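Listed below are the residues making up each chain.
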Amino acid sequence: MEQQNELVLKVRNLRLYFNTHSGPVQAVDGVDFDLRKNEATVIIGESGCGKSSLAKAILRLLPRNAGTYDGEVWLHDKNIMKLDDESFRKEIRWKRISMVPQAAMNALNPVLKIGTQVAEPAMVHMNMNEEEATKAAVRMLEHVGVPVDFLHRYSFELSGGMRQRSALAMALVTLPDVVILDEPTSALDVLTQASIMNLMKRMKKELETSFILITHDIATSSELADNVAVMYAGQVVEVSDARRFFTKPLHPYSHALMASVPRLRETIEPEFITGQPPSLLNPPTGCRFKDRCPKRFEKCDEEPPTVLVDGDRKVKCWLYV
Amino acid sequence: MSDVNAEISAVDHITNDQALLQIKDLHVWYELKRFGFGHAGYVRAVDNVRFVLEQGEAIACVGESGCGKSSLMKTILGLNIPTKGDVIFDNTSLSQTKGEDLRRYRSKIGYIQQDPFGALPPFMNVQSILEEPMIINGIKDKQERRRRIEKILEEVKLTPIEQVLPKFPHMLSGGQQQRVVIARAMIMEPKLLVADEPVSMLDASVRVEILRLLRKLQEEHHLAVLYITHDLSTVRYFSEYIFVMYAGQIVEFARMEDLLDNPKHPYTLALLEASSDPNADNALVQREIPKGEPPSLVNPPKGCRFHPRCPYMMEGICDVLEPPNIEVTPKHLVACWLYDEEKGHAI
Ligand SMILES: Nc1ncnc2c1ncn2[C@@H]1O[C@H](COP(=O)(O)OP(=O)(O)O)[C@@H](O)[C@H]1O
Ligand SMILES: Nc1ncnc2c1ncn2[C@@H]1O[C@H](COP(=O)(O)OP(=O)(O)O)[C@@H](O)[C@H]1O
Ligand code: SF4
Ligand SMILES: [Mg+2]
Ligand SMILES: [Mg+2]
């Protein structure tokens with residue numbers, strides 16, 4: 001077997017539920033996936049399947065109504081779920097794992113200059129003084145392609161693409177091991193989207209950083225993916241390397257998702273997925289995809305196990321047992 | 001001889017007195033006012049655009065945000081006044097139309113917004129949402145209103161009807177909300193549908209379903225459709241014609257397959273280069289993306305508006321003279337000097 005890059009992050013059986021009047025919302029329900037050095041694992045799935053909640057669970061950014069929260073998150077050889085909140089905040093968040101949240105480009109502070117905003121995480125989390133932090137910010141802004149004279153501008157003076165690059169610089173300025181990107185290009189135009197993807201491909205190689213890219217856009221996901229984890233109704237239903245995934249997805253949901261993508265260079269008719277994802281309040285027992293699955297059979301009323309296929313691909317489906 | 005025919009056919013598609021919708025040298029400029037200084041220039045959101053759309057045809061308008069798509073659309077809907085030029089729809093000249101006539105003009109065009117949730121009034125149920133346009137347009141017969149509601153909900157597949165009618169927008173999924181928006185756009189039995197990014201807020205799985213529904217309505221009602229999008233990958237399944245806008249102008253116009261399979265304008269090439277199909281190889285390549293960003297429409301660049309970003313820019317030509325519409329093959333027009341017989345060179 002070919003040499004694999006060093007494992008950076010290992011998520012096992014991660015759960016995050018939200019308490020509501022109607023009961024617990026099982027937004028992240030037993031999620032497993034891996035991330036290796038200088039690689040990107042993309043998390044794909046339709047809106048509402050729990051992608052942003054997964055990001056919050058990894059970074060322990062819990063809303064007030066968080067309920068069940070357990071599982072393992074191994075950063076190198078340390079299970080960071082075992083850390084108390086204080087140590088997690090001091091040692092992990094920003095310093096080792098950072099995030100570009102969904103719609104970050106619109107969430108920049110309007111009254112702070114870009115340079116100050118990018119320098120801030122370095123001061124707060126890396127104990128740098130202002131001068132050092134500013135230097136780090138300048139370096140990172142250059143790296144992500146924001147012109148140096150933008151340092152003194154405010155976010156509203158920047159285009160969407162430049163704001164998104166600045167948000168990326170903020171997440172990278174601490175040189176973390178892992179950066180989580182939540183829908184980083186969804187709100188951007190195609191050309192801007194493509195140049196940001198170019199940038200992230202470069203960063204993945206040049207920096208000591210690995211990426212978790214969260215997106216509902218399958219075509220875009222293939223721009224960065226080394227590995228793919230497909231999420232459906234709070235669970236990961238397939239994990240695979242990108243090469244085999246994009247040529248031959250295994251799970252019926254992955255199939256359906258791939259078939260729903262309109263193609264530019266091929267004339268195959270896209271197919272939609274009938275029905276709707278289940279409620280995460282009372283998800284169906286057995287396979288959560290069964291009501292929409294064209295391959296459903298008797299077994300599917302029981303919870304499917306996650307099985308290994310083709311060596312190291314994982315799929316949660318009775319068809320492969 | 002064939003050249004002459006080609007000429008006529010191309011011109012046909014930018015000017016044709018018989019067509020249902022005719023956009024004639026349309027300019028939509030917004031005046032900038034600066035306090036104390038008065039007039040401070042114009043935002044030239046639509047600058048000399050022309051095309052026609054026949055009954056029963058779908059045309060896609062592609063371009064990035066800020067290129068003038070919504071301004072064009074709002075003008076067609078009769079919500080903007082043309083600064084210069086005109087819109088002729090169903091034999092009515094927009095620039096000559098006012099008051100009651102303008103209301104009648106608008107009632108023959110259905111409008112589908114980008115964000116279905118934002119488009120639907122939160123405190124109205126589906127029944128009232130669908131009845132409102134009919135009441136405004138004077139359909140007094142309650143039974144007739146009921147008949148239309150039943151028919152259109154059937155067509156957009158929002159059934160069982162009795163369960164759908166009392167629902168409020170927040171009780172519906174994104175796809176269902178968009179169906180309500182489509183039903184509302186269809187309720188006055190329009191001749192033209194204008195759909196502004198109708199699926200960009202929806203998940204891929206639902207997107208295709210909504211596009212197919214629009215296509216089906218278009219065919220069954222022999223509708224003209226203007227489909228506005230920034231996403232080239234969805235147009236193959238939708239339209240006969242397509243045009244690409246950049247900085248307020250049309251840079252390329254062609255039959256859909258021609259444009260996708262044989263693109264000519266450097267900007268169209270860039271858009272195609274930037275749009276990907278799912279493929280693991282994508283992660284291995286750096287895409288060739290033109291530098292910079294679209295220009296300000298207050299002071300657009302001289303000559304070709306794309307020239308500061310264009311990798312094929314010919315100095316002394318592209319940065320000086322505005323490119324003409326050049327017909328490269330029948331019904332395929334491109335506004336780029338590269339295709340000029342004397343000045344250009346092939347790429
Ligand atoms: N704080 C919260 N309280 C209750 N439900 C929530 C909360 N945050 C998210 N949810 C629900 O959890 C599910 C997953 O949401 P999210 O993680 O945002 O999905 P995605 O990012 O894939 O669109 C959704 O049904 C959402 O409504
Ligand atoms: N009412 C308005 N007043 C001034 N400028 C406007 C107005 N509406 C749009 N614009 C400007 O016109 C240009 C084209 O906008 P728009 O038609 O909305 O483009 P698109 O729909 O392609 O994003 C943009 O520069 C925009 O800022
Ligand atoms: S006219 Fe010149 S600058 Fe404009 S697109 Fe063509 S080659 Fe490029
Ligand atoms: Mg999300
Ligand atoms: Mg618009």
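Residues numbered from 1 in each chain as written. Chains lettered and ligands numbered in written order. Predicted model: local features only at pLDDT ≥ 70, side-chain atom pairs only at ≥ 80, totals over all residues. Heavy atoms only, no water.

**Focus: the site of ligand 2**
Residue and element names in this part refer to chain B. Taken together, the neighbourhood of ligand 2 is formed by Y30, V43, A45, E64, S65, G66, C67, G68, K69, S70, S71 and L297. Contacts to ligand 2 include G68, whose backbone N or O atom sits 3.1 Å from an oxygen atom. Between ligand 2 and S70 there is a distance of 2.7 Å, counted from an oxygen atom to a backbone nitrogen or oxygen. In the complex, 60% of the free accessible area of ligand 2, which totals 570 Å², lies under the protein chains. (Near = heavy atom within 4 Å. Polar contact = N/O pair within 3.5 Å; in protein donor to acceptor, adjacent residues only side chain to side chain. Areas by Shrake-Rupley, 256 points an atom, 1.4 Å probe, with all protein chains shown as cover.)

**Observations concerning helix α9 (residues 252–259) of chain A**
Residue and element names in this part refer to chain A. Taking burial as the measure, the eight residues of α9 include six buried ones, the bulk of the element. When α9 is considered as a whole, its buried residues turn out to be P252, Y253, S254, A256, L257 and M258. Residues of α9 that are buried sit in contact with α7 (218–221), β9 (227–232), β10 (235–241) and α8 (242–247). (Buried < 20%, exposed > 50% of the residue type's maximum accessible area, 1.4 Å probe, protein only. Helix = DSSP H or I, 4+ residues; strand = E, 2+ residues; numbered from the N terminus. Contact = heavy atoms within 4.5 Å.)

**What to know about the pairing of strand β12 (residues 313–316) of chain A**
Residues and elements named next belong to chain A. Taken together, the two bridges between β10 and β12 define a ladder with antiparallel strand orientation. Along β12, the bridge assignment pairs V239 with K314. Pairing of strand β11 (residues 306–309) with β12, which is carried by four bridges, proceeds in the antiparallel orientation. Looking at the pairing, V309 lines up with R313 of β12. Connecting β11 to the next strand, β12, in antiparallel fashion are three residues, including D310 with a positive phi near 50 degrees. (Pairing = 2+ DSSP bridges.)

**Describing the side chain of A:T209**
Residue and element names in this part refer to chain A. By secondary structure assignment, the location of T209 is in the loop between α6 (190–206) and β8 (210–215). For T209, a relative accessible area of 1% translates into the label buried. Here the side chain of T209 touches P176 through a polar contact of 3.0 Å, landing on its backbone oxygen. Aside from chain neighbours lying at most four places away, what touches T209 is N38, L172, P176, D177, V178, V179 and K204.

**Some remarks on the environment of A:L14**
Residues and elements named next belong to chain A. Mapped onto the elements, L14 comes out in strand β1 (residues 7–20). Owing to a relative accessible area of 0%, L14 belongs among the buried residues under this scheme. Put simply, L14 and I58 are 44 residues apart on the chain and 8.4 Å apart in space, counted from C-alpha to C-alpha.

**What to know about the environment of A:R93**
Residues and elements named next belong to chain A. Tracing the sequence through the fold places R93 in the loop between α2 (85–92) and β6 (97–100). Taking the relative accessible area as the measure of exposure, R93 reaches 19% and is therefore buried. Reaching out from R93, the side chain makes a polar contact with the backbone oxygen of R60 at a distance of 3.0 Å.

**A short note on the interface of chain B and chain A**
Between chain B and chain A, the contact holds 41 residues from the first and 40 residues from the second. Across the chain B/chain A interface, buried area totals approximately 3700 Å², and carbon plus sulfur atoms make up 51% of it. By the criterion of area lost to chain A, the three top residues of chain B are B:Y237, B:D277 and B:P278, representing 18% of everything that side buries. The shortest N-O distance in the salt bridge between B:R212 and A:E271 comes to 3.7 Å. Applying the counting rule to chain B against chain A returns 19 residue pairs in polar contact (both at pLDDT 80 or more). Where the side of chain B that touches chain A is concerned, the elements lending two or more residues are α9 (204–220) and α11 (266–274) of chain B. (Buried area = accessible area lost by both parts, 1.4 Å probe. Salt bridge = Lys/Arg side-chain N within 4 Å of Asp/Glu carboxyl O.)

**A few points about the domain arrangement of chain A**
All names here are of chain A. We note that the domain assignment places domain 1 (7–96 + 178–320) and domain 2 (106–175) within chain A. For domain 1 versus domain 2, the distance between C-alpha centres works out to 28 Å. Counting residues at the interface gives 18 residues for domain 1, matched by 15 residues for domain 2. Summed over both partners, the interface of domain 1 with domain 2 buries about 1500 Å², with 70% contributed by carbon and sulfur atoms. Our enumeration of links across domain 1 and domain 2 arrives at zero salt bridges. In this structure, the connection of domain 1 to domain 2 is made through six residue pairs in polar contact (both at pLDDT 80 or more). Within the residue set of the side of domain 1 that touches domain 2, elements represented by two or more residues are β7 (178–182) and α6. Examining the composition of the side of domain 1 that touches domain 2, we find that eight residues originate from one element, α6, more than from any other. (Domains from an automatic or database assignment.)

**Describing the sheet that holds strand β12 (residues 332–334) of chain B**
The strands that make up a sheet are held in pairs by hydrogen bonds between backbone atoms, and each pair lies either parallel or antiparallel. Residues and elements named next belong to chain B. Ordered by their spatial adjacency, eight strands build an open sheet running β6-β7-β8-β3-β9-β10-β12-β11, and the pairing between neighbours is mixed. Lying at the two open borders of the sheet, with one neighbouring strand each, are β6 (109–112) and β11 (326–329). Shown here is a sheet whose adjacent strand axes are inclined to one another by a mean of 20 degrees, direction ignored. Direction of pairing for strand β3 (residues 58–62) relative to strand β9 (residues 241–246): parallel, over a ladder of four bridges. (Axes fitted to C-alpha atoms, helices over the stretch in contact; angles between N-to-C directions.)

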